[in-house]
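# A closer look at the structure
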Amino acid sequence: MNAPRITSLVVDHLAALLAQVLRFDAPADAVMSRYFKQHAKLGSRDRGLIAEGVFYALRRYASLKWMLQPAHPERAPRLAALVTLARQHGIAALDARALRGDERAVRNALALDVSTAPSAIRAEVPLWLFQRITAQYHDAEALFAALVEPAPLDLRVNTLKASRDEVLAELRSATRQHPPLPAEPTPYSPDGIRLFEKPALTRWPLYQDGLVEVQDEGSQLVARLVAPRRGSMVVDFCAGAGGKTLALGCLMKSTGRIYAFDIHVKRLAGLGPRLKRSGLSNVHPAAISSENDARVKRLAGKIDRVLVDAPCSGSGTLRRNPDLKWRFDENELARVNAVQANVLRAAARLVKSGGRLVYATCSLLATENQEVVESFLAEHPNFTVVPAAQVLQAQGIAIDHAERHAPWFVMLPHLHGTDGFFAAVLERRR
């Protein structure tokens, strides 16, 4: 495939956008969305090149910063844009007007041997995160390499409306909405489909009619760990925009009752349109003031299944949200850790005898995962761990390398092709 011709227009807009994004004072996708709304006349090709450039720079920000010393990328956005585009497409793709006298500086930056940089820079993560991951994972190098790559697009089929085979056939066929798309079943989730292109999915009838939802395969499997039964009472304690809530409702065949709680009203509002598309009638969203809200307390000891999709660092999602590693630090980690422990304790009060609690994060860090659960179990001897592999095997799902992480559920980008996830299944004995 021939490299695209990079014009000065693309360079100028990428530089302007990087100047905003590299402040790391807001999520990159929100900054980009606002920028593109302000520059609505940009063509789709140029928008694509600019957006890809931003994500490339964010994924490789550590080495970009090292290559541009002493001119930091946030202080020299135009040079950062040029070096990013040259790393992506080759310097020959930049036309002369785009380089505008900066060719020597760009070539000097590209000539630096990144393999001689410090280890954390080669891994493209902050030093504190590098130290924690290398201490925890024997194959950390492979994990770091996977985190720099973009993630595929995973869909979950709403089996109330269609089968996976029916949706796959639709995706692979040419329609008025899209050409044939390479799509394949996800290797672990029985309801998942993986796309290796990023189409305008929200315009498709498949999406608009609620036959599919965007959801990483690992997230789909977290819902499977809850293993809700038809007619049961379920609480999704940190529901957010409701991806796992909808998956639970589908597993329950729209029977029983699911309470979708969250303290963030705006995030929970995102569940409304998705719920309407899904056709589910058993989901009941409710914004709560805290984990001690009266609506939560009324359910104490009454719930069959509770899912705690805990607030976390999001380190497992760095393929999709590479700016997170630069917006999150150890101070924030300590704050989130305290929240995780409090939410888990509060959610445990809802579980009835014989019921189950699933604690989950999209974090790679043991301090947010195993250590939180082990501390909880030490305080709550009436809960015991159910091996995650056992829960999934009962549904015909086998996960590679599961024995390595037993009894926990662990999914990792370099081993499973998913985002990074952790989960523990806990059963109340009395």
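Report on the accompanying structure. All residue numbers refer to position in the chain's written sequence, counted from 1. For this predicted model, a pLDDT threshold of at least 70 governs which residues receive local features, and a threshold of 80 or more governs which side-chain atom pairs are given and counted, while totals over whole chains, interfaces and linings are taken from all residues. Only hydrogens and water are set aside; all other atoms, that is, all heavy atoms of the structure, feed into the side-chain values.

### Examining the overall build of the protein chain
Within the protein chain, the regular secondary structure consists of 23 helices and 12 strands. The atom set for the radius of gyration is the C-alpha atoms, and the globule formula is 2.2 Å times the number of residues raised to the power 0.38. Relative to its length of 430 residues, the protein chain is compact, with a C-alpha radius of gyration of 23 Å against a globular reference of 22 Å. With respect to the three principal axes, the spread of C-alpha positions in the protein chain is 75 × 50 × 40 Å. Relative accessible area decides the class of each residue, using a 1.4 Å probe on protein chains only: under 20% of the type maximum gives buried, over 50% gives exposed, and in between gives partly exposed. In the protein chain, which comprises 430 residues, the proportion classed as buried is 54%. We call two residues in contact when some of their heavy atoms are within 4.5 Å. Intrachain contacts of the protein chain at a sequence separation of at least 6 include 72% that bridge at least 24 residues. Counting rule for charge: Lys and Arg are taken as positive, Asp and Glu as negative, and neither His nor the chain ends is counted. Note on charges: their place is set at NZ of Lys, CZ of Arg, CG of Asp or CD of Glu. Across the protein chain, the centroid of the 56 positively charged side chains sits 5 Å from that of the 43 negatively charged ones. Helical segments are the DSSP runs of H or I of at least four residues, strand segments are the runs of E of at least two, and each set is numbered from the N terminus.

### Digging into the side chain of Asp 323
Mapped onto the elements of the fold, Asp 323 is located in the loop between strand E8 (303-309) and helix H18 (324-327). Polar side-chain contacts of Asp 323 include one of 2.9 Å to the backbone nitrogen of Ala 28. Contact partners of Asp 323, with chain neighbours within four places excluded, come to Phe 24, Ala 26, Pro 27, Ala 28 and Leu 58. Throughout this description, a polar contact denotes any pair of N or O atoms lying within 3.5 Å of each other; where both atoms belong to protein, one of them has to be capable of donating a hydrogen while the other can accept it, and for residues adjacent in sequence the pair is counted only when both atoms sit in side chains.

### What to know about the environment of Leu 221
Tracing the backbone shows Leu 221 in helix H13 (residues 217-226). Taking the C-alpha atoms as reference points, Leu 221 and Phe 409, separated by 188 residues in sequence, lie 9.3 Å from one another. Dropping the residues within four chain positions of it, Leu 221 is found in contact with Tyr 188, Ser 189, Leu 392, Ile 397, Ile 399, Phe 409 and Met 411.

### Focus on the pairing of strand E6 (residues 257-262)
Taking burial as the measure, the 6 residues of E6 include 5 buried ones, the bulk of the element. Pairing between two strands requires that DSSP report at least two bridges joining them. Pairing analysis gives 4 bridges linking strand E5 (residues 233-236) to E6, with the strands arranged parallel. Within E6, the residue paired with Asp 236 across the bridge is Ala 260. Classification remark: right-handed applies to a crossover when, strands pointing away from the viewer, the course from the first strand over the helix to the second runs clockwise. Handedness of the E5-helix H14 (residues 243-251)-E6 crossover: right-handed. Across 5 bridges, E6 lies against strand E7 (residues 283-287) in parallel orientation. By the bridge assignment for E7, Asp 262 is matched with Ala 287.

### Describing the nonpolar core
Side-chain atoms within 4.5 Å are what join buried Ala, Val, Leu, Ile, Met, Phe, Trp, Tyr and Cys residues into a set we call a nonpolar core. Membership of the largest hydrophobic core comes to 52 residues, with the highest contact counts inside it found for Ile 133, Val 235, Phe 237, Phe 261, Val 306, Val 308 and Leu 357. In terms of residue count, helix H19 (residues 330-348) provides more of this core than any other element does, 7 residues in total. Leave out the neighbours within four places in its chain, and Leu 357 touches Val 306, Val 308, Leu 344, Ala 347, Ala 348, Val 351, Phe 376, Phe 383, Ala 424, Val 425 and Leu 426.

Purely geometric numbers; function is a separate question.
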